[in-house]
Amino acid sequence: MSVFNQSRSRIIRIIFLLAFVVIIVQLFYLQIVDRKYRQLAIDNAVFPKVVYPERGIIYDRKGKAILNNTIIYDLMVTPAEVKGIDTFGFCRLLGIDTAEFNRRILDARLRNTSVRPSVFKGLLTKELQARFEENSWKYPGFNLVERPLRTYPYNAAAHILGYIREADPRDIENSGNFYRQGDYIGKTGLEAYYEKVLMGQRGVQYMIKDNKNRLVGQYENGLYDTAAYAGRGLRTYIDIELQQMAEKLMANKVGGLVAIDPKTGGILAMVSGPNYNPNDLTGPEGSKNYSRMVLDVTGPMLNRAIGGRYEPGSTFKPLGALVALNEGVITPDYGFPCGGRYTLCGHGKPACTHAGGGHAANVRLSIANSCNAYYAHVYRLTVDNPKYGNVKNGYLHWKEYMNIFGLGVRLGLDIPNENPGLIADTSVYNKENANRWTSCTNLTLGIGQDKMLTTPLQMANAMCIIANKGYYYTPHFVEKIDNETEEDTALLNRFRVKHDVLTHIPDTAYNAVIEGMHDVVKFGTARIAQIEGIDVCAKTGTAENYTILDGRKIKLPNNSMFVCFAPKENPKIALAVFVQNAGYGATWAGPISRILMEKYLNDTLTKRSEADLERISGTNLMPAYFKRLQYKEDSIRAFKWFQTTKDSSYIRKYITFNPTGNQPAGPLPVKGIRHFSLLAVLPEQKTLLKTGINLPA
């Protein structure tokens, strides 16, 4: 071989060697240093299956699980992996159209990027789950993920336990992106307040996919999997049998009730009426039922036990007596010569149901006979106390007492959305009375009226203060948390602190008030609450009620109110019951209270109470004006929908038709009408009339 050929051969060998080295280096870089392609291969072959933990279980005071879990499935989508599928077949499988399919895919991309799994359809029915599992291999990018579903075995305590829903963008942002799209979060009730305890910790299972998108086994024998940890349980004071009975008694009624153990502040039962079955907000129909209830003007999702504001009426009088006794403006023997109405402010109001005969000869009798004049005067003595200089300073001092009793402030229980009620500030009276007012201006505060608004929770807590002779624990549901941590202890400590707010008031004052409340049951307006062998202390209340409907002020039936505790010595239960538009306190709220006290204290009912239970639970006291309000709200929504979409399907029943003007208007015929007059109710209570609008026949 020539020298020239030898040189060229060596060059060729060097070129091949260099190319080989470059390939080796590149392979090393791609496989060892740069893991991009490895990740792409893994992404194509491995599916990260999110494992959602079971939320913590909630138990009642006897250890019964009142909120539990079952398993259901979510259909997840990873948009980047959805390629070449039969869209029409998929839509037929799920019962949706292609427009809805495209909308959901786009929504998943925008909310969670195209490479991360998002919920395409949550909470599948068992039938839909089975259909998809049979055909899943046809639809790459779609997978089923187990989801623990909340169940309520007793169909009770909806407002207490609350509900969970998928975390929305605001929840995700507020959590610092701890929550992800597809996670569920507590929205109301104990589910929301104890979210960090109940939620648990999600896990991930990495599964191998075959070429038909089927999951065929674990990746690397589960080496990279992370375990899901279940949430921890809550042990509550709730008596689920008492709760169920209370809900039965409040069926088809508007109002709220609260039962508390005075010695602990533990809430035994809480009901808001109208109520709803908590299972209605779980499962495939949950969103539909939620939308329906949100539009219901009766407000089934409003917790009136903590959010409804009511004039307490005569149920307030024991509190007013204690304040005056502690201030020293009256003694237990103080009497007032009531002739049937209060005349010292010049207008003869308020009137009383009793006249003469010494019915207000002392504190005990004044409570037993519920003398309005006595407590109007006692209020005036309190705020006009000379040591405060003027009525405004005296009123502010009286307002401090109200706040100590828990009125006009949030008590801070362990579910959200508590309303503080109302004890007006002096600035309100200054504004309304040109800065010139006296104790006569608002003397009906002494009988729980004027600008005083309270919640059933606040009045139940006030009864605890009287029953305990001056102290209370912040009302709460949860006694302890399973496997309690230091963080849990910090959360619960605020409910374990004894508030000695009025223990400095002498026993003689408390005894006068307590004996008066006992006399109300023995001889007065609360005789309906008598329980054989148990000394019950109670106070009835009735407050007038008005509403504005169609531009007119309408007098409604009075609110029925009842507060009580029992037994008189060593009390074990305190109750406040408010029933809207139901008449006198002893008519409905009184027997409801007796039945619940009897059930809790004796664990049984007498035949009399059993009969009352059936009678009361079977009585519909829903105010009639709700039908009119619902009609108006629905018509407003239908009209707005028609304005936006020109879809007449929802507005037809709110249309009156009068083709000639010479005959009474009637409902619009369903077919054959092209020209009509449209009548709609607008929010400002006016009538809108349009002509010449064409509807499809």
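In the block above lies the structure referred to throughout.
If you're wondering where the values come from, they're calculated on a predicted model, not measured in any experiment.

Visitor: Can you help me understand the overall build of the protein in this one?
Guide: Summing up its helical and strand segments, the protein has 23 helices and 24 strands in all. Here the protein holds 697 residues, and 50% of them are scored as buried. Pairs at least 24 apart in sequence give 69% of the contacts found in the protein among residues at least 6 apart. With the model as given, the accessible surface of the protein reaches about 33,000 Å², and the carbon-plus-sulfur share is 52%.

Visitor: Honestly, a nonpolar patch on the surface in this entry has me stumped. Any pointers?
Guide: A cluster of nonpolar side chains, namely Leu17, Phe20, Val21, Ile24 and Val25, defines an oily patch on the protein surface of about 470 Å² accessible area. According to the relative accessible area criterion, Phe20 is exposed, its value standing at 51%.

Visitor: Help me understand the packing of helix H15 (residues 372-383) against helix H16 (residues 391-404), please; the structure alone is not making it clear to me.
Guide: What describes two packed helices is the angle between their axes and the distance between those same axes. Contact pair H15 / H16: the axes reach a minimum separation of 7 Å and the direction vectors enclose 110 degrees. Comparing their axes, H16 and H15 come out roughly perpendicular. From H15, Tyr379, Thr382 and Val383 reach across to H16, where they touch Val391, Gly394, Tyr395 and Trp398.

Visitor: What's the story with the environment of Pro475 in this structure? I'm lost.
Guide: Within the secondary structure, Pro475 is located in the loop between strand S15 (471-473) and strand S16 (478-481). A C-alpha to C-alpha distance of 9.9 Å links Pro475 and Ala259, two positions 216 residues apart in sequence. Every residue in contact with Pro475, bar those within four places of it in the chain, is listed here: Ile260, Gly265, Ile267, Leu411, Leu413, Asp414, Leu457, Asn461 and Phe495.

Visitor: Quick question: what am I supposed to make of the side chain of Asp239 here?
Guide: Relative to the helices and strands, Asp239 resides in the loop between strand S10 (234-236) and helix H10 (240-249). Of note is the side chain of Asp239, whose polar atom sits 3.3 Å from the side chain of Arg61. A distance of 3.2 Å separates a polar atom in the side chain of Asp239 from the backbone nitrogen of Glu241.

Visitor: I'm lost on the packing of aromatic side chains in this one. Help?
Guide: Describing an aromatic ring pair means giving the distance of the ring centres and the angle of the ring planes. Per the counting criterion, the structure on display carries 23 aromatic pairs. With 5.6 Å between their ring centres and 75 degrees between their planes, Tyr395 and Tyr429 make a pair best called edge-to-face. On the criterion of sequence distance, the pair formed by Tyr395 in helix H16 and Tyr429 in helix H17 (residues 426-432) is long-range, its members being 34 residues apart. For the pair shown, Tyr395 and Tyr429 are each scored as buried. Above the face of the Phe178 ring, Arg202 is positioned so that its terminal group lies 5.6 Å from the ring centre.

Visitor: Would you mind going over the state of the cysteines with me for this structure?
Guide: Covalent bonding between the sulfur atoms of two cysteines is what defines a disulfide. Going through the model one piece at a time under the given rule, you end up with one disulfide. Linked covalently through their sulfurs, Cys345 and Cys440 form a disulfide whose S-S length is 1.9 Å. Residues Cys345 and Cys440 are joined through a disulfide that is left-handed, its torsion about the S-S bond being -85 degrees. Placement of Cys345 in the loop between helix H13 (317-327) and helix H14 (363-368) and of Cys440 in the loop between H17 and strand S14 (452-453) is noted, with a sequence separation of 95 residues between them. Both residues of the pair, Cys345 and Cys440, belong to the buried class.

Visitor: I tried to follow the nonpolar core on my own but got confused; where do I start?
Guide: One finds Tyr194, Met270, Val363, Tyr395 and Trp398 to be the most contacted residues of the largest nonpolar core, which totals 138 residues. Considering each element in turn, this core owes the most residues, nine residues, to helix H18 (residues 456-467). Looking at which domains feed residues into this core, each of domain 2 (49-235) and domain 3 (306-617) gives three or more. Not counting residues within four places of it along the chain, the set of residues in contact with Met270 comprises Ile160, Gln243, Leu257, Val258, Asn303, Ala305, Ile306, Leu413, Ile415, Leu457 and Phe477. Formed by 19 residues, the second largest nonpolar core is a distinct cluster that contains Val77, Ile85, Cys91 and Phe132.

Visitor: Help me understand the pairing of strand S11 (residues 255-260), please; the structure alone is not making it clear to me.
Guide: Look at any regular strand and the pattern is simple: side chains alternate between the two faces of the sheet. Counting buried positions along S11 yields six of six residues, so the element is predominantly enclosed. Residues Gly255, Leu257 and Ala259 line one face of S11 and the alternating positions Gly256, Val258 and Ile260 line the opposite face, and both faces are buried. As paired elements, S11 and strand S12 (residues 267-273) share six bridges and run antiparallel to each other. Looking at the pairing, Gly256 lines up with Ser272 of S12. The hairpin formed by S11 and S12 contains six residues between the paired strands, and Gly265 there has a positive phi angle of roughly 80 degrees.

Visitor: I would appreciate a short explanation of the pattern of salt bridges in the present structure.
Guide: If the charged atoms of two oppositely charged side chains come close together, the side chains can form a pair. As enumerated under the stated definition, the model contains 28 salt bridges in all. Put simply, Glu166 and Arg111 hold a salt bridge, and the shortest N to O gap is 3.8 Å. Separated by 55 residues along the polypeptide, Glu166 in strand S6 (residues 164-166) and Arg111 in helix H4 (residues 98-112) bring together distant segments of the chain. Judged by relative accessible area, which is 25%, Glu166 ranks as partly exposed. A salt bridge links Asp634 to Arg637; its shortest N-O distance comes to 2.7 Å. Highlighted residues: Asp634 and Arg637, both in helix H23 (residues 625-645), separated by three residues, approximately one helical turn. Residue classification places Arg637 among the partly exposed positions, given a relative accessible area of 29%. Salt bridges linked by common partners bring Arg364, Glu515, Asp519, Lys522 and Lys568 together as one network.

Visitor: Is there a simple way to think about the sheet that holds strand S19 (residues 552-566) in this case?
Guide: Strand pairing in a sheet is mediated by backbone hydrogen bonds. Such pairs are either parallel or antiparallel. Reading across the sheet, the five strands line up as S12-S11-S20-S19-S18 and stay open at both edges, with antiparallel pairing between neighbours. Sheet topology places S12 and strand S18 (537-549) at the edges, where each strand pairs with a single neighbour. Pairs of neighbouring strands in the sheet enclose a mean axial angle of 10 degrees, with direction left out of account. Here S19 pairs with strand S20 (residues 573-579) via seven bridges, running antiparallel.

Visitor: Please explain the side chain of Ser370 as it appears in this structure.
Guide: In this fold, Ser370 is placed in the loop between H14 and H15. Exposure remark for Ser370: the relative accessible area of 13% places this residue in the buried category. In terms of polar contacts, Ser370 uses its side chain to reach the side chain of Ser314, at 3.3 Å. Polar contacts involving the side chain of Ser370 include one to the side chain of Lys317, which spans 2.8 Å.

Visitor: Please explain the environment of Pro169 as it appears in this structure.
Guide: Locating Pro169 in the fold gives a position in helix H7 (residues 169-174). On a C-alpha basis, the gap between Pro169 and Arg111 in space is 8.0 Å, while along the polypeptide they are 58 residues apart.

Visitor: Explanation requested: the environment of Tyr654 in the structure shown.
Guide: Mapping Tyr654 onto the fold places it in the loop between H23 and strand S21 (656-657). The exposure class of Tyr654 is buried, given its relative accessible area of 7%. Spatially, the C-alpha atom of Tyr654 lies 8.3 Å from that of Ala638, the residues being 16 residues apart in sequence.

Visitor: Mind showing me how you'd approach H16 here?
Guide: Helical periodicity: at 3.6 residues per turn, an α-helix aligns residues three or four positions apart in one direction. Taking 1.5 Å of rise per residue, 14 residues should cover 20 Å, and H16 covers 20 Å from first to last C-alpha, within 8% of that figure. Residues of H16 that are buried: Val391, Gly394, Tyr395, Trp398, Lys399, Tyr401 and Met402. For H16, the arc enclosing every buried residue in end-on projection is 155 degrees, short of the 170-degree limit, so these residues lie on one face. Structurally, H16 contributes buried residues whose contacts are with H13, H15, strand S13 (422-423), H17 and S14. A distance of 3.0 Å separates the backbone nitrogen of Lys392 from a side-chain oxygen at the start of H16, and that oxygen is part of Asn390.

Conventions adopted
Residues numbered from 1 in each chain as written. Predicted model: local features only at pLDDT ≥ 70, side-chain atom pairs only at ≥ 80, totals over all residues. Heavy atoms only, no water. Helix = DSSP H or I, 4+ residues; strand = E, 2+ residues; numbered from the N terminus. Buried < 20%, exposed > 50% of the residue type's maximum accessible area, 1.4 Å probe, protein only. Contact = heavy atoms within 4.5 Å. Areas by Shrake-Rupley, 256 points an atom, 1.4 Å probe, with all protein chains shown as cover. Patch = residues over 30% accessible without salt bridge, like charges linked within 9 Å, V, L, I, M, F, W, Y side chains within 5 Å. Salt bridge = Lys/Arg side-chain N within 4 Å of Asp/Glu carboxyl O. Axes fitted to C-alpha atoms, helices over the stretch in contact; angles between N-to-C directions. Parallel < 35°, antiparallel > 145°, perpendicular 65-115°, else oblique. Polar contact = N/O pair within 3.5 Å; in protein donor to acceptor, adjacent residues only side chain to side chain. Phe/Tyr/Trp six-rings, centres within 6.5 Å; stacked < 30°, edge-to-face > 60°. Lys NZ or Arg CZ within 6 Å of the ring centre and 35° of its normal. Disulfide = S-S within 2.5 Å. Core = buried A, V, L, I, M, F, W, Y, C linked by side-chain atoms within 4.5 Å. Domains from an automatic or database assignment. Pairing = 2+ DSSP bridges. Expected span 1.5 Å × (residues − 1). Arc of directions from axis to C-beta.

Geometry only, nothing functional implied.
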